[in-house]
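Chains, contacts and geometry: an overview
The residues making up each chain are set out below.
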Amino acid sequence: SRGNGWVMAGTARVLDYLPKDHPDRPRFEKLFREMADKILICQQSDGLWRSSLLDPESYPLKETSGSGFYTYALAWGLNNGLLDRAKFQPAIFKGWAALVECVDADGKLTHVQPVGADPKKFDPNSSDVYGVGAFLLAGSELYRLQSH
């Protein structure tokens, strides 16, 4: 999940800086939209995405770093007119609510799969900067989305 999350969030960031008239922009926009459509169907009922997008039942633990990247990217897509609001907004809000539920009483984002860790078994209290960064990116796009 997180690897694809880096790609999707990275594509959004590339599009932020790629001029509107750049000859490769349509290709990047198409890639972003195709990823968004696929990611949408991989979201689980609790609002998060699992470590394995294709076999979530085998990876039952919550995972917030990939989920943060997807929530950010989908919200970015809405904010930049690349995604349909009716189709994607419910998933964005559901993802954000699930991420917020993974913030503990001390303000620490939990359920971040550690680098190199077995995605089937890791401490649910684990946190790391890349998970927090994805969470903050998602929050910033949700703020933009709700202030429009």
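Now for a quick tour of the structure.

Conventions adopted
Residues numbered from 1 in each chain as written. Predicted model: local features only at pLDDT ≥ 70, side-chain atom pairs only at ≥ 80, totals over all residues. Heavy atoms only, no water. Helix = DSSP H or I, 4+ residues; strand = E, 2+ residues; numbered from the N terminus. Buried < 20%, exposed > 50% of the residue type's maximum accessible area, 1.4 Å probe, protein only. Contact = heavy atoms within 4.5 Å. Areas by Shrake-Rupley, 256 points an atom, 1.4 Å probe, with all protein chains shown as cover. Lys, Arg positive; Asp, Glu negative; His and termini not counted. Charge placed at Lys NZ, Arg CZ, Asp CG, Glu CD. Salt bridge = Lys/Arg side-chain N within 4 Å of Asp/Glu carboxyl O. Axes fitted to C-alpha atoms, helices over the stretch in contact; angles between N-to-C directions. Parallel < 35°, antiparallel > 145°, perpendicular 65-115°, else oblique. Left-handed = near helix turned anticlockwise from the far one by under 90°. Expected span 1.5 Å × (residues − 1). Core = buried A, V, L, I, M, F, W, Y, C linked by side-chain atoms within 4.5 Å.

**Looking at the overall build of the protein**
Within the protein one finds five helices and zero strands. Counting from the amino terminus, the protein carries its helices and strands in the arrangement α-α-α-α-α. The 148 residues of the protein split such that 47% are buried. If you take every contact in the protein between residues at least 6 apart in sequence, the share linking residues at least 24 apart comes to 63%. In the structure as shown, the protein presents an accessible area of about 7,600 Å², 56% of it carried by carbon and sulfur atoms. Across the protein, the centroid of the 17 positively charged side chains sits 4 Å from that of the 18 negatively charged ones.

**Topic: the pattern of salt bridges**
Going through the model one piece at a time under the given rule, you end up with nine salt bridges. In this structure, Arg-33 engages Glu-29 in a salt bridge whose closest nitrogen and oxygen atoms are separated by 4.0 Å. Here Arg-33 and its partner Glu-29 are both found in helix α2 (residues 25-42), four residues apart, which amounts to about one turn of the helix. When salt bridges that share partners are traced, they join Arg-25, Glu-29 and Arg-33 into one network.

**Things to note about the packing of helix α3 (residues 64-79) against helix α5 (residues 129-146)**
It is at 8 Å that the axes of α3 and α5 come closest, and there the two elements cross at 25 degrees. The orientation of α3 relative to α5 falls into the category roughly parallel. In terms of crossing hand, the pair formed by α3 and α5 is left-handed. Along its contact with α3, which presents Ser-65, Gly-68, Phe-69, Thr-71, Tyr-72, Ala-75, Trp-76, Leu-78 and Asn-79, the element α5 presents Tyr-130, Gly-131, Ala-134, Leu-137, Ala-138, Glu-141, Leu-142, Arg-144 and Leu-145.

**As for α5**
Here α5 spans 25 Å end to end across 18 residues, near enough to the 26 Å set by a 1.5 Å rise per residue. Looking at α5, one finds that the buried residues are Tyr-130, Gly-131, Ala-134, Phe-135, Ala-138, Gly-139, Glu-141, Leu-142 and Leu-145. On its buried face, α5 is in contact with α1 (2-17), α3 and α4 (85-101).

**Notes on the nonpolar core**
Generally speaking, nonpolar side chains in soluble globular proteins are found buried as a group. Met-8, Phe-32, Leu-74 and Ile-92 are the most contacted members of the largest nonpolar core, which totals 38 residues. The greatest single-element share of this core, amounting to eight residues, is contributed by α3. Residues contacting Met-8, with those up to four places away along its chain left out, are Phe-32, Met-35, Ala-36, Ile-39, Tyr-70, Ala-73 and Leu-74.

**Focus: the environment of Gly-10**
Mapped onto the elements of the fold, Gly-10 is located in helix α1. With a relative accessible area of 27%, Gly-10 lands in the partly exposed category. Through-space distance from the C-alpha of Gly-10 to that of Phe-32 is 9.8 Å; in sequence the pair is 22 residues apart.

**Here we look at α1**
Helix length check: α1, at 16 residues, gives a terminal C-alpha distance of 23 Å against a target of 22 Å (1.5 Å per residue), a fit within 8%. Burial in α1 covers these residues: Arg-2, Gly-5, Met-8, Ala-9, Thr-11, Ala-12 and Leu-15. Buried positions along α1 lie against α2, α3 and α5.

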